Amino acid sequence: MNILVCIKQVPDTTEVKLDPKTGTLIRDGIPSIINPDDKAGIEEAIKIKEQIGATITVLTMGPPQAKNALKEALAMGVDRAILLTDRAFAGADTLATSKTIAGAIKNIQHDLIIAGRQAIDGDTAQVGPQIANHLGIPSITYVEKMKVEGDSITVNRAFEDGYQVIKARMPVLITTLKEMNSPRYMKVSRIYDCMSEDNIETWGLKDIEVNIEEIGLKGSPTKVKKSFTKGVKAKGTLHDVDEKEAALLIVNSLKEKFILTEAKA
Ligand SMILES: Cc1cc2nc3c(=O)[nH]c(=O)nc-3n(C[C@H](O)[C@H](O)[C@H](O)COP(=O)(O)OP(=O)(O)OC[C@H]3O[C@@H](n4cnc5c(N)ncnc54)[C@H](O)[C@@H]3O)c2cc1C
């Protein structure tokens, strides 16, 4: 069986802080990591490989430094790594990104495609389902548990208050949640070899099946016009009141913000 995992290298947004004086983001020294939902996908793929055997390919579209994410995946235990990089891919929104990735996947054997639910930088959760759509295969999002049997996969798809069990015949694309497992650390025996760049295939426009008009900035129906930092929160107010009044104040202010609503009779 062939598993393809789409991974994105992202800035560790949990480390991004706000400068309280200027209100701008402090990005210096922010490490780049494998997007957490994608790392869970790598872990699930390796588990399947250990249980029933599989060849795992990881794929990322990004600048040359995204190779580090691929090297980490190789050191964790995947078999093949592809970096999609080309000037023609730059400036892409989610539609153009997913078309580029799908164009590459057309040239890679796959039964199961795994993407993360969402990237912690772009935060749109669009790319996975869009890739499936371009390939004409089904997608199942928010997967929190999965099992492969024969040519099908059975998953638990998470909801706020429960889950749905779905069985699908492969090829299928699923999107994974970081909560589904604890990804293993890189294998010590593989770290040295995998840090050598020779292990990574670099693909450009000529290696993928796509119409150039549909990718990059030209192929993006959306454009980011402006980006700015959200203002620092206003100072709180101090009230010198007893417990009962304090409780009322809290309840009323939660109601004003529609965080609390009256229970229906
Ligand atoms: C309106 C708009 C305009 C944009 N303009 C630009 C721009 O001008 N320049 C620019 O550099 N970026 C731009 N971006 C960002 C770029 O489109 C996104 O980084 C990219 O499309 C992925 O979207 P996301 O981060 O929301 O991923 P999500 O949809 O949240 O990611 C879901 C999953 O898809 C997979 N995935 C996502 N991206 C990749 C990838 N690159 N490689 C492999 N797998 C991936 C991962 O498995 C990930 O977990 C723009 C985004 C938007 C919304």
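The rules we used
- Residues numbered from 1 in each chain as written.
- Predicted model: local features only at pLDDT ≥ 70, side-chain atom pairs only at ≥ 80, totals over all residues.
- Heavy atoms only, no water.
- UniProt positions renumbered as here; feature names shortened; annotations may be inferred.
- Helix = DSSP H or I, 4+ residues; strand = E, 2+ residues; numbered from the N terminus.
- Buried < 20%, exposed > 50% of the residue type's maximum accessible area, 1.4 Å probe, protein only.
- Contact = heavy atoms within 4.5 Å.
- Areas by Shrake-Rupley, 256 points an atom, 1.4 Å probe, with all protein chains shown as cover.
- Lys, Arg positive; Asp, Glu negative; His and termini not counted.
- Charge placed at Lys NZ, Arg CZ, Asp CG, Glu CD.
- Near = heavy atom within 4 Å.
- Polar contact = N/O pair within 3.5 Å; in protein donor to acceptor, adjacent residues only side chain to side chain.
- Nonpolar A, V, L, I, M, F, W, Y, C, P; charged D, E, K, R; others polar.
- Core = buried A, V, L, I, M, F, W, Y, C linked by side-chain atoms within 4.5 Å.
- Axes fitted to C-alpha atoms, helices over the stretch in contact; angles between N-to-C directions.
- Parallel < 35°, antiparallel > 145°, perpendicular 65-115°, else oblique.
- Left-handed = near helix turned anticlockwise from the far one by under 90°.
- Pairing = 2+ DSSP bridges.

The protein chain goes by Electron transfer flavoprotein small subunit in an unreviewed UniProt entry, where it is assigned to Paraclostridium benzoelyticum. Quoted verbatim from the Cofactor (unreviewed entry) field of the UniProt record, the comment on the protein chain reads "AMP". Check the Sequence similarities (unreviewed entry) section of the UniProt entry for the protein chain; it says "Belongs to the ETF beta-subunit/FixA family."

A. Region of the structure containing the overall build of the protein chain. If you tally the helices and strands in the protein chain, you get six helices and 13 strands. Structurally, the protein chain occupies a C-alpha span of about 65 × 45 × 40 Å along its principal axes. Every one of the 265 residues in the protein chain was classed for burial, and the buried ones make up 37%. Taking contacts inside the protein chain between residues at least 6 apart in sequence as the whole, the part at least 24 apart equals 71%. Surface summary for the protein chain: the accessible area is close to 16,000 Å², and the carbon and sulfur share equals 52%. Separation of charge centres in the protein chain, based on 35 positive and 36 negative side chains, amounts to 3 Å.

B. Summary view of the site of the ligand. Contacts to the ligand come from 29 residues, most closely from Lys 8, Asp 38, Ala 92, Ala 119 and Thr 124. One of the backbone N or O atoms of Ala 92 is found 2.7 Å from an oxygen atom in the ligand. Interatomic distance of 3.4 Å between a backbone N/O atom of Asp 123 and an oxygen atom of the ligand. The set of elements that each furnish at least two residues to the shell around the ligand consists of β6 (55–61), α3 (94–105), β8 (112–116) and α4 (127–135). A per-class count over the shell around the ligand returns eleven nonpolar, twelve polar and six charged.

C. Structural context of the environment of Ala 158. Looking at where Ala 158 falls in the secondary structure, it is placed in strand β10 (residues 152–159). With relative accessibility at 15%, the residue Ala 158 sits in the buried group. When the C-alpha atoms of Ala 158 and Ile 191 are compared, they prove to be 34 Å apart, with 33 residues separating the residues in sequence. The contact partners of Ala 158, leaving out residues within four places of it in the chain, are Tyr 142, Glu 144, Tyr 163 and Leu 177.

D. Just the nonpolar core, in detail. One finds Val 5, Ile 7, Ile 42, Val 58, Leu 112, Met 146 and Ile 153 to be the most contacted residues of the largest nonpolar core, which totals 38 residues. Examining the composition of this core, we find that six residues originate from one element, helix α2 (residues 67–76), more than from any other. In contact with Ile 42, other than residues within four places in its own chain, are Val 5, Ile 7, Ile 34, Val 58, Ala 73, Met 76 and Val 78. Grouped together as the second largest cluster of nonpolar side chains are 20 residues, Ile 101, Ile 137, Leu 173 and Trp 203 included.

E. Layout of the packing of helix α1 (residues 36–52) against α2. Contact geometry for α1 and α2: axes closest at 10 Å, N-to-C directions at 30°. Looking at the two axes, α1 sits roughly parallel to α2. Where α1 crosses over α2, the two elements pack in a sense that is right-handed. Contacts from Lys 39, Ile 42, Glu 43 and Ile 46 in α1 reach Glu 72, Ala 73 and Met 76 in α2. When its residues are assigned to classes, the contact of α1 with α2 shows four nonpolar, no polar and three charged.

F. Focus on the sheet that holds strand β1 (residues 2–6). The sheet built from nine strands is open, its strands ordered β11-β10-β9-β12-β8-β1-β6-β7-β13 with mixed pairing. On the outer flanks of this sheet lie β11 (162–169) and β13 (200–203), each paired with one strand and no other. Here the average twist between neighbouring strands, direction ignored, is 30°. Set on the sheet, α1 makes contact with β1, β6, β8, β9 (139–149) and β12 (172–176); between it and β1 the angle comes to about 165°.

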